[in-house]
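# A look at the structure
Here are the chains, one letter per residue:
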Amino acid sequence: MVATESNLKDQHILVTGGSGFLGKAVVRQLCLAGAEMAKITVPRSRDCDLRVMENCQRAVDQQDVVIHLAAHVGGIGLNREKPAELFYDNLIMGTQLIHAACEAGVKKFVCVGTICAYPKFTPVPFKEDDLWNGYPEETNAPYGIAKKALLVQLQSYRQQYGFDGIYLLPVNLYGPEDNFDPRSSHVIPALIRKVYEAQQRGDHQVPVWGDGSPSREFLYVEDAARGIVMGTQFYSDPEPVNLGTGYEITIKDLVNLISELMEFEGDIVWETDKPNGQPRRCLNTERARQGFGFVAQTDFREGLKQTIAWYRQQAG
């Protein structure tokens, strides 16, 4: 089923989280797809706290399309430290924004979920139909379940009110302008920073959480943004859709690849007393390809090179 609003040219579009890592890329891709920059609204969290319903109502007023990217998110450390905040903030932002958008007559709502919503032991590659077949990995569960609840909300609002809301599940993102803060960053920026700082200090060892056995899949941010915009234009079904590459790499191999690209010749010290996180992550991406023609384009090695180059430039 093709979305009724495939032409973005005359649409007023709200992008929550539009000033963030993924958000900036989505705004760029919206413009490439024909949207007018003057009609794209990017609310800032300091001015528009989406945990307050009145702010959600103001934000969606007169909008045709809402792309909801705003999230309180981080790596394993933040998930362990602040599970209650991650659950509450993400649930309340999303559920209020969906309700306000439906009441305001928004034509299309695009909700970007999280791969953390999948069960801890999901057959690999993850298929969207397995989303409810178990409890998420414990450290990610509060965040993952909060985001997954928004899928239920969109499906029920579609059923009762005819609200056109779609739910996209991008795998772990990476790329230039990622979050490199060691307190909240994800694995690729965290590793790049660790290796860079070790090189600056002349260290011959880099500590890494876990034992290196888990696998992950990574999607270059510009590919993810293009997939979100394609979904906005051409997808209007209730079923969730994975966005990924289908390429799986172990954390050990990832660390070795980053070390090679950064020319770090020291040792990796595996901190096996720290958690590994979910054992494997790799997506089946067939629904995105069939549903709206999305296929990732960026080679992983090339994407890492660009990310490393950007960080070195910023840090230098």
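The structure this text deals with has already been given above.
No experiment lies behind these values; they were computed from the predicted model shown.

### Looking at the overall build of the protein
A tally of helices and strands in the protein yields ten helices and twelve strands. The globule rule puts the C-alpha radius of gyration for 316 residues at 20 Å, and the 19 Å found for the protein is close to it. Along the first, second and third principal axes, the C-alpha atoms of the protein reach 60 × 40 × 35 Å. Counting across all 316 residues of the protein, residues that qualify as buried make up 52%. Partitioning the intrachain contacts of the protein with sequence separation of at least 6 by distance along the chain shows that 83% fall at a separation of at least 24. Carbon and sulfur atoms make up 48% of the accessible area of the protein, which amounts to about 14,000 Å² in all.

### Regarding helix H5 (residues 141-161)
Counted at 1.5 Å a residue, the expected span for H5 with its 21 residues is 30 Å, and the 29 Å between its end C-alpha atoms agrees. The set of residues buried in H5 consists of Ala141, Tyr143, Gly144, Ala146, Lys147, Lys148, Leu150, Leu151, Gln153, Leu154, Tyr157 and Arg158. Elements that come into contact with the buried residues of H5 comprise helix H3 (76-81), helix H4 (83-104), strand S4 (108-112) and strand S5 (165-170). Taken from the residues just after H5, glycine 162 is the one with a positive phi, measuring 70°.

### Observations regarding unusual backbone geometry
Proline 125 follows valine 124 through a cis peptide bond whose omega is 0°. Summarising the element assignment, proline 125 is placed in the loop between S4 and H5. For glutamine 62, which is not glycine, the phi torsion reads 70° and is therefore positive. Position of glutamine 62 among the secondary structure elements: in the loop between helix H2 (53-60) and strand S3 (65-68). Under the relative-accessibility criterion, glutamine 62 is labelled exposed at 63%. Residue glutamate 177 is not a glycine yet carries a positive backbone phi of 75°. Overall, the relative accessible area of 33% leaves glutamate 177 in the partly exposed class.

### Side note on the sheet that holds strand S2 (residues 40-41)
The strand order across the open sheet built from six strands is S2-S1-S3-S4-S5-S10, with neighbouring strands paired in parallel fashion. The outermost strands of the open sheet, each flanked by one partner alone, are S2 and strand S10 (241-243). Bridge count for strand S1 (residues 13-16) against S2 is two bridges, and the pairing is parallel. Counterpart to isoleucine 13 in the pairing with S2 is isoleucine 40. Helix H1 (residues 21-32) contacts S1, S2 and S3 of the sheet and is inclined by roughly 160° relative to S1.

### Section: the packing of H2 against H4
Any two packed helices are characterised by how steeply their axes cross, that is the angle between the axes, and by the distance between the axes. Running from N to C, H2 and H4 cross one another at 45°; their axes reach a closest spacing of 9 Å. Here H2 is positioned oblique relative to H4, judged by the angle of their axes. As H2 packs across H4, the resulting crossing turns out to be right-handed. In this structure, H2 uses Met53, Cys56, Gln57 and Val60 to contact H4, whose residues at the interface are Met93, Gln96, Leu97, His99, Ala100, Ala101, Glu103 and Ala104. Of the residues contributing to the contact of H2 with H4, the split by class is eight nonpolar, three polar and one charged.

### What to know about the side chain of serine 185
Note that serine 185 resides in the loop between strand S6 (172-174) and helix H6 (187-201). The residues contacting serine 185, other than those within four sequence positions of it, are Gly75, Asn179, Phe180 and Ala190.

About the cut-offs
- Residues numbered from 1 in each chain as written.
- Predicted model: local features only at pLDDT ≥ 70, side-chain atom pairs only at ≥ 80, totals over all residues.
- Heavy atoms only, no water.
- Helix = DSSP H or I, 4+ residues; strand = E, 2+ residues; numbered from the N terminus.
- Rg over C-alpha atoms; globule rule 2.2 N^0.38 Å.
- Buried < 20%, exposed > 50% of the residue type's maximum accessible area, 1.4 Å probe, protein only.
- Contact = heavy atoms within 4.5 Å.
- Areas by Shrake-Rupley, 256 points an atom, 1.4 Å probe, with all protein chains shown as cover.
- Expected span 1.5 Å × (residues − 1).
- Pairing = 2+ DSSP bridges.
- Axes fitted to C-alpha atoms, helices over the stretch in contact; angles between N-to-C directions.
- Parallel < 35°, antiparallel > 145°, perpendicular 65-115°, else oblique.
- Left-handed = near helix turned anticlockwise from the far one by under 90°.
- Nonpolar A, V, L, I, M, F, W, Y, C, P; charged D, E, K, R; others polar.

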